[in-house]
Amino acid sequence: AQLDSSKIQQISEIIKIEPIEMYILCKLLYSCIITADFYATYDYISGKKVDFEIKRENKLFEKYEESELIKTIRKYENKEIEIEEINRLRSDMFLESENELKQNLDKNIFYLEAPTGAGKTNMAINLARILYKNNHEIDSIHYIFPFNNIIEQTDNTFQNYFKKYEDYVVINSISSMIKEDTNENLDYEAIYTKNIFNQYPIVITSHINLFNTLFGTGKEKNYSLYNYINSIVILDEIQAYSNSIWRQMIEMFDKYAKLLNIKFIIMSATLPRLDNLLKEKISTFCPLIKNTDKYYENELFKNRVKLKYNLLQEKMDIDQLIVEILKNENKKILIECIKKDTAEELYQKLKEKNSKTYIMTGDDNKYYRKKIIEKTKKEKEMILVATQTIEAGVDIDMDIGFKDISFLDSEEQFIGRINRSNKKKDCIVYFFNLDEARIIYKKDKRLEYNLTKEENRELLENKKFDEFYNKIINRIQEETESYTENNIETFHKYCKMINYKKIEEIMKLIKTNIVDIFINYTINIEGKEIKGKEIFEKYKSIYMDDNISYSEKKVKLSQISEEMNLFTYSLYEKQLSQIEGEKICGMYYLEDGEKYIEEGRFNKAKYLEKGEELFL
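Parameters and conventions
- Residues numbered from 1 in each chain as written.
- Predicted model: local features only at pLDDT ≥ 70, side-chain atom pairs only at ≥ 80, totals over all residues.
- Heavy atoms only, no water.
- Core = buried A, V, L, I, M, F, W, Y, C linked by side-chain atoms within 4.5 Å.
- Buried < 20%, exposed > 50% of the residue type's maximum accessible area, 1.4 Å probe, protein only.
- Helix = DSSP H or I, 4+ residues; strand = E, 2+ residues; numbered from the N terminus.
- Contact = heavy atoms within 4.5 Å.
- pLDDT = per-residue confidence, 0-100.
- Pairing = 2+ DSSP bridges.
- Axes fitted to C-alpha atoms, helices over the stretch in contact; angles between N-to-C directions.
- Parallel < 35°, antiparallel > 145°, perpendicular 65-115°, else oblique.
- Left-handed = near helix turned anticlockwise from the far one by under 90°.
- Nonpolar A, V, L, I, M, F, W, Y, C, P; charged D, E, K, R; others polar.
- Patch = residues over 30% accessible without salt bridge, like charges linked within 9 Å, V, L, I, M, F, W, Y side chains within 5 Å.
- Areas by Shrake-Rupley, 256 points an atom, 1.4 Å probe, with all protein chains shown as cover.
- Salt bridge = Lys/Arg side-chain N within 4 Å of Asp/Glu carboxyl O.

**A closer look at the nonpolar core**
With 101 residues, the main nonpolar core has Phe253 and Ile335 as its most contacted residues. In terms of residue count, helix α11 (residues 246-260) provides more of this core than any other element does, eight residues in total. Those residues in contact with Ile335 that lie beyond four places of it in its chain are Ile325, Leu346, Leu350, Ile383, Leu384, Val385, Ala386, Phe402 and Phe432.

**Description of the confidence of the model for the protein**
With 93% of its residues at a pLDDT of 70 or more, the protein shows a mean pLDDT of 89. Low pLDDT, under 50, characterises residues 610-616; the predicted model gives this stretch 30 contacts beyond four residues in sequence or across chains.

**Re the sheet that holds strand β12 (residues 400-404)**
Pairing is parallel in the open sheet, where six strands are placed in the order β8-β13-β12-β9-β11-β10. What marks the edges here is a single partner per strand, and that holds for β8 (306-308) and β10 (357-360). Strand after strand, the sheet turns through a mean of 20 degrees between neighbouring axes, direction not considered. Note that β10 and strand β11 (residues 382-386) share four bridges and pair parallel. From the neighbouring strand, Thr357 faces β11, where its bridge partner is Ile383. Strand contacts of helix α14 (residues 318-326): β9 (332-336), β11, β12 and β13 (428-432), with the helix running at about 165 degrees to β12, the strand carrying the most contacts. Packing of helix α15 (residues 340-353) onto the sheet brings it into contact with β9, β10 and β11, and relative to β10 it is tilted by some 165 degrees.

**With respect to the packing of helix α17 (residues 408-415) against helix α19 (residues 454-461)**
It is at 10 Å that the axes of α17 and α19 come closest, and there the two elements cross at 45 degrees. Judged on the interaxial angle alone, α19 and α17 are oblique. Crossing of α17 against α19: the hand is right-handed. Seen from α17, the contacting residues are Leu408, Glu411, Glu412 and Ile415; seen from α19, they are Asn456, Leu459 and Leu460. Classifying every residue of the contact of α17 with α19 by side-chain character gives four nonpolar, one polar and two charged.

**Brief notes about a nonpolar patch on the surface**
On the surface, Leu25, Leu29 and Ile33 cluster together into a nonpolar patch covering about 280 Å² of accessible area. Within the fold, Leu29 resides in helix α2 (residues 19-46). The partly exposed category is assigned to Leu29, whose relative accessible area is 47%.

**Some remarks on the pattern of salt bridges**
Counted according to the given criterion, the structure contains 45 salt bridges. Here Glu152 and Arg369 are joined by a salt bridge, their closest N and O atoms 3.5 Å apart. Taken together, the positions of Glu152 in helix α7 (residues 148-158) and Arg369 in helix α16 (residues 366-378) put the pair 217 residues apart, joining distant regions of the chain. Take Glu152 and Arg369: they sit in the same class, and that class is buried. One salt bridge in this structure joins Glu479 and Lys445, with 3.4 Å as the shortest N-O distance. With Glu479 in helix α20 (residues 465-481) and Lys445 in the loop between α18 (437-441) and α19, this pair connects stretches of sequence that are 34 residues apart.

**Section: the sheet that holds strand β14 (residues 514-519)**
Paired through their backbone hydrogen bonds, the strands of a sheet run either parallel or antiparallel. Pairing is mixed in the open sheet, where four strands are placed in the order β17-β14-β19-β18. The sheet is open, and its two edges are formed by β17 (568-572) and β18 (582-584), each paired on a single side. Strand-to-strand twist in this sheet, taken as the mean axis angle between neighbours without regard to direction, amounts to 40 degrees. Here β14 pairs with strand β19 (residues 587-590) via three bridges, running parallel. In the strand pairing of β19, Ile517 is matched with Tyr588. Sitting on the sheet, helix α23 (residues 532-543) is in contact with β14, β18 and β19, with an inclination near 145 degrees to β19.

Right under this line is the structure:
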């Protein structure tokens, strides 16, 4: 029976439980109940024994420990070899973070702050290894990333050290639940169950999936919460979250860590110390690099790229920007725009003047992005126009950069794409002001601390991101203590009253409702033709097959999800009047999509006839 809010309040006061603890307790109980119900049903229908546990694997990190990379670091640690300076710095950070962790194994939340190109992925694997081996209660590791392109790169790295679908699995909207070459004799119920309950030693997934589990409502979102007990959670690029929920988020992480025995590792090149938002200063947080200035101020990281602000003297326009870009056209140039429409317009105009001009935005599929990234490695002269999708996790190394200003941490991420190898000279990033960032990022508190002010330029040049974030954190502190909709006591009240829907609404990472559209055309990948219509027909036949179980349907749909993603685009539901096509099987299908494809890319402007920017 459902209790009314006054009864819930009475109970929480009687048992003297804190609001967030009350929320987590009820959510965990719900997860346990639906988990037990699912397994009982599975056991009854299949007649198979249910195994709740994720088995600890003593040899999980064996291949990683025996890799050449780790052997080299150990030899350097033991002073057996000399290595080049950039790798010496990376190894120093690796060893420092390792030693700090070993001395603070009792802590719950760890910060890993290191410059772009410092090898955070490698450090994170090592830190997870130490926690896993030193705490025998821990049985699972969750790597959480903001974008699918970083998930793809991490997946590629992990295949060097772990067995996919045995040691680890990727769980997102475009990954198969099983190997491509798996035969037809499959236990679909078992495969689906392992996937939705995250029953693997290592899971690579997205920020959205994590937030759905910790704060979402509904059965499927809560199944995996049970398996976050006794786990390690590694969060990459935490600054990508809206800072309007930073305080709520860190309070929740702190409580989840204590109550469910979760060890959080939060890592980024620009890392806000979110524990400063907590009312009570506690000792469960631990920075793993004590003196980050030692690395940020090293010549190899700090002065790898020269920063130029002369283009900020006046408001920029596209034609003027083109003139500045073409002054450097004998180099590899990267330009970042903050609006997709601007990026598309700039690309079209630059292409008329330089045939080696390319573009990459969030609208482009995996294989197009891969092709462009390969070009950046082969070409000595080219121009690449991009959006924010280029900032985090994209493995490119350019000579010259032009960036429309937004946030200091965003500028730093962009700088990380220039002279990444640190083997070039005269590499420069020029900042300009073309589109109004406030239109895109609305109420983000970082906007007022931009590069139009001299003091903020100094923070960026000297990598003083702690000073930058302290300003943001002070603003958040003021807002969450004042009488606004973002007041922290209001949030606590929702937790105390077990208002799941309200908590989910506050903590939702993407606030806008979206729909998917499938563009039918033919893609040629390495000589192989993939026809959209054939993929969609396969999708439709599985989706509408009432003769197979729900589990079989979900597994089979996951097998074609990567191919489906080549043709699928997300857009805002509020603009449905501008969408062509018929809604079939949960998405809009556009039969004659070929007319909107140019140079292997979907021409959004042509499709929308210069309408509002709809695509995410």
